[in-house]
Amino acid sequence: MRWFKKFSAVAMSCTLLLALISCSSDKNNLEDATVPLSLGLDVIDGKLHYYLSAPVFSKDIEKKSREGEGIAEGLRQARNQEDAQFPGTVAFRNYQVIIVGKKLLQYKDWFKVLDVTFRDPRNTTADRIIAYDGPVTDVIHFQAKDQPTTSVFLRGLIDSGSRRSTTVKTTEQELHRQLHDRAITPAISEIMIENNKILLKGTTLLSKQGQYRDSLSYQETSLLQILKKESKPGVSLTFPVEGMRKQLPFNTDLVSFSIGNISVKIKTSYEDGRFHYNIKINSFISITEKFLEYELQENSEEMANDLSDEMKKSIEKLIGKFQQHKIDPVGFGLYARAYHYPLYKAAQDSWGEELARAKFQVEVNLRIGATGAVE
Amino acid sequence: MKTTRPVSTLQFTLMVSAFQISVAFLSLPRELARQAGTDGWIAIFFGWGMATLASVVLVKVMKNSPNGSILELIQRFMGVWASKIAAVIFIAYYLPLAYDGFMIASLVMKLWLLPSTYIYVLVLLLLIPTYQIAQHGFQAIGRYCEIVTLISIWIPFVYLSTLRHAHWLYLLPVLKEGWLPVLSTVKIMFFPMVGIGLVFFIYPHLVNKEKALKAMVISNTLTCLVYLGITLVCFVYFSPDEIGEFNDPVISIMKSIELQFIERVEVPFIAFYLFVFSCVWIPSMHLVSMNSAWLLGRGGERGSLVVWCFAIAVSFFIYKPSFIDAARVNNFLNLTGFVMEFALPLCLLLYVAIAKKVRGGRRS
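Residues numbered from 1 in each chain as written. Chains lettered and ligands numbered in written order. Predicted model: local features only at pLDDT ≥ 70, side-chain atom pairs only at ≥ 80, totals over all residues.

Looking up chain B in an unreviewed UniProt entry gives the name Spore gernimation protein, with the organism given as Paenibacillus solani. UniProt annotates chain B under Subcellular location (unreviewed entry) with the comment "Membrane". The record held by UniProt for chain B lists under Sequence similarities (unreviewed entry) the comment "Belongs to the amino acid-polyamine-organocation (APC) superfamily. Spore germination protein (SGP) (TC 2.A.3.9) family." (UniProt positions renumbered as here; feature names shortened; annotations may be inferred.)

As annotated in an unreviewed UniProt entry, chain A carries the name Spore gernimation protein GerC and is attributed to Paenibacillus solani. Recorded under Subcellular location (unreviewed entry), the UniProt text for chain A is reproduced unchanged: "Membrane". You can read under Sequence similarities (unreviewed entry) in the UniProt record for chain A the words "Belongs to the GerABKC lipoprotein family."

Written out as structure tokens, the structure reads:
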């Protein structure tokens, strides 16, 4: 039996060696690979264009990234084209951001272009989706001396913005969810280029098919995030207090406050053939900025009521906007599905229209918890 | 008989649980969602109930044979040839189970980790530790399962971290389409509970035979808690309208986790999950070799294990399975699993009871 043991040991080590050799085809040296960090998608003359931006790791090269572009019918189909433009193989894709041109957003179901990133599991799906109103090539080829590589910069922009609720943080996976779930419509981040600087613009709202519908400003995005219950503490809102406006270079009638703990209660009911939503928002706020001459100590209730009214008006206006475009970025449909399933089920395939007919009742109850260190 | 290598209650519990979990962990949330939507998780309770009932029956059967495996019991009650036929049946059951385990593990590994490596190379690499552990019998396997449990404890915590993106409203309303879809889903809950049949062979090795039933109930409960946890985590993360689209929601959900130091959390997860996976094919291979040794009537367990390992390696070399084949084998095992671990023990129990009565009647 001893020879058998020896033989099996030798055989095993041989197989191990062989196996390791054949596994080596799966390895990829970083030196030989190009790792594009951002992907741009745009439509020019009715054709899908793609743009890539990959970082270049070298001290001697001043420009820290290299860009590629081309016309593609599908992302995977364009792979040879991509390889032809970069020194290494464009092997694994670790996109941090995907920039989608507004022209592409005119088309229905454009999201299917990204099928490969779900089908090939080596791709990440945590990349942020960003809309840009204009030619995407401007963003991809954007260079500034005071800014890191555009891909990294954009990711940071979205992350810090979503922490402050000035934009949404919609990753590819999240967009997949929002597009597939019939009870909600997607919202993605939006950027713009102004005075040769990339800036965060707010949020883009899409229809159920992924088409562009509307854009939201920072404050509207914050309200959207509050309604979605996804706002983090520290959201800052600014509202005018009526009848106090004076002509000065700074708006004296504005009061800014930051929201601490916020409780959002959404109740639904179904009456007269339409859904009714009752939204109750309770929060303690702390005043962070005010220019007016206003005795906060004595009139704090009045001030809180004024601010509550303003916030209520803004929310109603925002919901009106959603209804006008027949979209549901908040996900009111989730509540309908959870509490009125048979009624929702009848309307789920045209939920946008159903929501447009719904009635909303908003109650905002803010209480001033802190006024800051000065009167 | 062979009590020289006793198996403790903890080892037994973990062996059964690990066997059950490794069989269906990856596919269960998807299957439940496809069959019963967001109410699929209710079916898990039915699975628990059935498995517990079957465990009671199994232990009752094995009480008749405290010192020998099921094959010795059958030999005693039905004769040598019946036990040989039973051995063939057990081989025909555990071999596809092991094969299925290898197939799914290698396919998942190929898809997610090593796309250009051949499947047979992966299987070959998996077979080497399998042989080393399986040749030493249930005690070694039991110890191995203990280690696997210890090093897999971090996995649930990773899943809990996905709850940041949870949408609890997805679970409401409970029973949105009534009981019918849930009850019709119960039929796919047999396969995930497969593994209780191990008691047929482990029972004679148990140190505390009177605790066998308790251990099995605990392992069924443990398995169902794991299933319930992963199913709910998947259901609150994925929208009910999209979950059916993902082939492995259990792995896909990992992609939402962003850590500073690692981008694809699913890579170490799959590599670690191979340990859990191995808890289905290692006992299965051991049982296959044990049964074929019984069939030949000699104590050549190790020899037959070599032969079977070799056969599996060759089969993967000749025949390259696909995910579609894996689904087909799964369907087959769902049925045979029910027959072998739920129906067969009941038949055996009835037979043994009747045979005992007849014999007892003769004696008096």
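Here we take up the overall build of chain A. Per the secondary structure count, chain A includes 11 helices and 12 strands. Its C-alpha radius of gyration of 26 Å places chain A more than 25% over the 21 Å reference for a compact globule of 375 residues. When the backbone C-alpha atoms are referred to their principal axes, chain A occupies close to 95 × 55 × 55 Å. Counting all 375 residues of chain A, 37% fall into the buried class. Considering only contacts in chain A between residues 6 or more positions apart, those separated by 24 or more positions represent 67%. (Helix = DSSP H or I, 4+ residues; strand = E, 2+ residues; numbered from the N terminus. Rg over C-alpha atoms; globule rule 2.2 N^0.38 Å. Buried ≥ 20, exposed ≤ 12 C-beta atoms within 10 Å, placed from the backbone. Contact = placed C-beta atoms within 7 Å.)

If you look at the interface, chain B gives 25 residues, while chain A gives 22 residues. Among the secondary structure elements, those contributing two or more residues to the side of chain B that touches chain A are helix H5 (80-112) and helix H6 (119-134) of chain B. Per element, the largest residue contribution to the side of chain B that touches chain A is four residues, and it comes from H6(B). A breakdown of the residues in the side of chain B that touches chain A according to their chemical character gives 13 nonpolar, five polar and seven charged. (Nonpolar A, V, L, I, M, F, W, Y, C, P; charged D, E, K, R; others polar.)

The next thing to look at is the sheet that holds strand S1 (residues 38-44) of chain A. Residues and elements named next belong to chain A. In spatial order, the strands read S3-S2-S1-S4-S5-S6-S7-S8; together these eight strands make up an open sheet with mixed pairing. Sheet topology places strand S3 (65-71) and strand S8 (212-216) at the edges, where each strand pairs with a single neighbour. Across the sheet, the axes of successive neighbouring strands diverge by a mean angle of 30 degrees, strand direction being ignored. The sheet strands contacting helix H5 (residues 150-163) are S1, strand S2 (47-55), S3, strand S4 (97-101), strand S5 (128-132), strand S6 (187-194) and strand S7 (197-206), and the helix crosses S5 at an angle near 100 degrees. (Pairing = 2+ DSSP bridges. Axes fitted to C-alpha atoms, helices over the stretch in contact; angles between N-to-C directions.)

Here we come to the nonpolar core. Counting 118 residues, the largest nonpolar core has Val123(B) and Val199(B) as the members making the most contacts within it. A total of 16 residues in this core trace back to one element, the largest contributor, which is H5(B). Residues contacting Val123(B), with those up to four places away along its chain left out, are Phe102(B), Ser106(B), Ile312(B), Ala313(B) and Phe316(B). Grouped together as the second largest cluster of nonpolar side chains are 75 residues, Ala131(A), Leu175(A), Leu179(A) and Ile327(A) included. (Core = buried A, V, L, I, M, F, W, Y, C linked by C-beta atoms within 7 Å.)

Residue and element names in this part refer to chain B. For chain B, per-residue confidence averages 85 on the pLDDT scale, and 98% of positions sit at 70 or higher. When pLDDT is averaged over each element of chain B, helix H11 (residues 212-237) comes out on top at 91 and helix H15 (residues 323-363) at the bottom at 82. Here the predicted complex carries an ipTM of 0.82, next to a pTM of 0.86. (pLDDT = per-residue confidence, 0-100.)

All names here are of chain A. Taken in spatial order, the four strands make up an open sheet running S9-S10-S11-S12, and their pairing is mixed. Edge positions in the open sheet fall to strand S9 (235-240) and strand S12 (359-370), since each of these has one partner strand only. Going from strand to strand, the sheet's axes swing by 40 degrees on average, the running direction of each strand aside. Alignment of S9 against strand S10 (residues 254-271), held across six bridges, turns out to be antiparallel.

Glycine aside, residues mostly have negative phi angles, and peptide bonds mostly take the trans form. A cis amide bond links Leu172(B) with the next residue in sequence, Pro173(B), at an omega value of -15 degrees. Phi angles above zero are rare outside glycine, and Asn196(A) is one such case at about 60 degrees. Checked against the element boundaries, Asn196(A) lands in the loop between S6 and S7. Non-glycine residue Lys229(A) carries a positive phi angle of around 60 degrees. If you trace the backbone, Lys229(A) turns up in the loop between helix H7 (218-227) and S9.

In this section: helix H9 (residues 332-339) of chain A. With six of its eight residues buried, H9(A) lies for the most part within the structure. On its buried side, H9(A) packs onto S10, strand S11 (274-290), helix H10 (341-347) and helix H11 (351-357) of chain A.

This part covers the domain arrangement of chain A. Here the domain parsing of chain A yields domain 1 (28-216) and domain 2 (230-375). Contacts between domain 1 of chain A and domain 2 of chain A engage 12 residues on the former and 17 residues on the latter. (Domains from an automatic or database assignment.)

Here the focus is the packing of helix H1 (residues 9-24) of chain B against helix H7 (residues 138-151) of chain B. All names here are of chain B. Contact geometry for H1 and H7: axes closest at 8 Å, N-to-C directions at 70 degrees. Regarding the angle of H1 to H7, the classification is roughly perpendicular. Contact residues: Leu10, Gln11, Phe12, Leu14, Met15 and Ala18 in H1; Ile141, Gly142, Arg143, Cys145, Glu146, Val148 and Thr149 in H7. Broken down by class, the residue content of the contact of H1 with H7 amounts to eight nonpolar, three polar and two charged. (Parallel < 35°, antiparallel > 145°, perpendicular 65-115°, else oblique.)

Attention now moves to the packing of H5(B) against H6(B). All names here are of chain B. Axis separation between H5 and H6 bottoms out at 9 Å; the angle between their running directions is 120 degrees. Relative to H6, the element H5 is oriented oblique. In this structure, the crossing between H5 and H6 has a hand that is right-handed. Contacts from Phe102, Ala105, Ser106, Met109 and Lys110 of H5 reach H6 at Ile119, Leu122, Val123 and Leu126. (Left-handed = near helix turned anticlockwise from the far one by under 90°.)

This part is about the environment of Lys214(B). Checked against the element boundaries, Lys214(B) lands in helix H11. In this structure the C-alpha to C-alpha distance between Lys214(B) and Leu296(B), which are 82 residues apart in sequence, comes to 35 Å.

Residue and element names in this part refer to chain A. As for its placement among the helices and strands, Glu82 is situated in helix H2 (residues 79-85). For Glu82, a count of 22 C-beta atoms within 10 Å puts it in the buried group. Sequence separation between Glu82 and Tyr50 is 32 residues, and the spatial gap between their C-alpha atoms is 9.6 Å. Those residues in contact with Glu82 that lie beyond four places of it in its chain are Leu52, Gly68 and Val90.

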